[in-house]
Amino acid sequence: MTKSSENTNTAVAQDPNEAPAGIPVLSLENVAYAYTKGGKKIFHDLTYRFESGKVYAITGPSGAGKTTLLSLLSGLANPTEGQVLKGGADLAKLDRYRFRSHDIGVIFQSFNLLPSLTVAENIILSIDASGKKFDEPKAEIARRMLERVRLRPEYANERILHLSGGEQQRVAIARALSYEPSIILADEPTGNLDLSTQDDIMDIFKSLAHDENKCVILVTHSPEVASQSDVVFQLAALRRRRPAQQGGQQ
Ligand SMILES: Nc1ncnc2c1ncn2[C@@H]1O[C@H](COP(=O)(O)OP(=O)(O)O)[C@@H](O)[C@H]1O
Ligand SMILES: [Mg+2]
């Protein structure tokens, strides 16, 4: 059966003066997906709610459909059956380009930065691509983003090629944050990093959820990353569920 567990060691502290955490920002309603028409379903009857203010870890072995699920959550693909809802509205019927460029920030294991550009240029490109308008100069936004991912301001003019893996992942997070999305999706974001760098990166994700009320959804193979998340969502077992056990769960 699908297992979804709340880790008690990372409970979110509630400040009554802040916007309440726990508002569902993305939900899956009886979602099924197959890559080809009539082909084998990667998963089916998947129902789940992702809330603001929490870090979610989607786990499961290779081939379980984790990356496929992220592409449905990010609006890159539409479910074969069921719906992905953004704040209650069917994502398939919304302007998905706007959703992708405004509401979500996506981070990849391989960083996907432009290697010959500087750190600041990578961040500014992403601000430009979003089409969002900000009063603040873009270079200043880039500087603030670096501060958020705990990189010194001098990094702004460094070329990506000159950075370590952990530093590149921080820049990739800074880039994803540059247009202030409310949802962060990351596919194996710590997969190429050593354990202590992995912890540093997890601290950033936890702070984004717990201090800034973002919804952070991570795909991970790492038990350490899962144990540091608020909710663990094990995808693999879904494919083996018996019909009697199907239905919504959380
Ligand atoms: N573009 C594609 N076309 C057809 N099948 C695919 C495609 N991408 C992934 N798959 C298949 O879908 C299943 C889930 O893949 P994926 O979502 O990448 O799993 P995970 O990220 O958990 O390793 C696998 O069996 C994979 O071979
Ligand atoms: Mg994958």
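So, how was this worked out
- Residues numbered from 1 in each chain as written.
- Chains lettered and ligands numbered in written order.
- Predicted model: local features only at pLDDT ≥ 70, side-chain atom pairs only at ≥ 80, totals over all residues.
- pLDDT = per-residue confidence, 0-100.
- Contact = placed C-beta atoms within 7 Å.
- Helix = DSSP H or I, 4+ residues; strand = E, 2+ residues; numbered from the N terminus.
- Expected span 1.5 Å × (residues − 1).
- Buried ≥ 20, exposed ≤ 12 C-beta atoms within 10 Å, placed from the backbone.
- Axes fitted to C-alpha atoms, helices over the stretch in contact; angles between N-to-C directions.
- Parallel < 35°, antiparallel > 145°, perpendicular 65-115°, else oblique.
- Left-handed = near helix turned anticlockwise from the far one by under 90°.
- Nonpolar A, V, L, I, M, F, W, Y, C, P; charged D, E, K, R; others polar.
- Pairing = 2+ DSSP bridges.
- Right-handed = clockwise from strand over helix to strand, strands pointing away.

Chemist: A description of the confidence of the model for the protein should follow, citing residues and the corresponding values.
Modeler: Scored by pLDDT, the protein has a mean of 86; 85% of the residues are at 70 or more. In the predicted structure, residues 8-19 sits below a pLDDT of 50 and forms 9 contacts with residues beyond four places in sequence or in another chain.

Chemist: Got a sec to walk through helix H3 (residues 119-130)? Specific residues and values, please.
Modeler: In this model, H3 (12 residues) spans 17 Å end to end at C-alpha, consistent with the 16 Å of a helix rising 1.5 Å per residue. Turning to H3, its buried residues are Val 119, Ala 120, Asn 122, Ile 123, Ile 124 and Ser 126. Contacts made by the buried residues of H3 are with helix H4 (138-148) and helix H5 (165-177). Immediately beyond the C-terminal end of H3, within one or two residues, lies Gly 131, with a positive phi of roughly 75°.

Chemist: Requested: an account of the packing of H3 against H4, with residues and values cited.
Modeler: For the pair H3 and H4, interaxial distance at closest approach is 9 Å and the crossing angle is 115°. Comparing their axes, H4 and H3 come out roughly perpendicular. The handedness of the crossing between H3 and H4 is right-handed. Judged by residue contacts, Ala 120, Ile 123, Ile 124 and Ile 127 of H3 engage Lys 138, Ala 139, Ile 141, Ala 142 and Met 145 from H4. For the contact of H3 with H4, a count of residues per class yields 8 nonpolar, no polar and 1 charged.

Chemist: So what about the pairing of strand E9 (residues 215-219)? Which residues, and what values?
Modeler: Counting buried residues in E9 gives 5 out of 5 residues, a clear majority hidden from the surface. Neither face of E9 is open: one carries Cys 215, Ile 217 and Val 219, the other Val 216 and Leu 218, and all of them are buried. Relative to E9, strand E4 (residues 55-59) runs parallel, the two being bridged by 4 bridges. Looking across to E9, one finds that Tyr 56 is bridged to Ile 217. Bridging between strand E8 (residues 183-187) and E9 involves 5 bridges; their strand directions are parallel. Looking at the pairing, Asp 187 lines up with Val 219 of E9. Traced from E8 through helix H6 (residues 195-210) to E9, the parallel crossover comes out right-handed.

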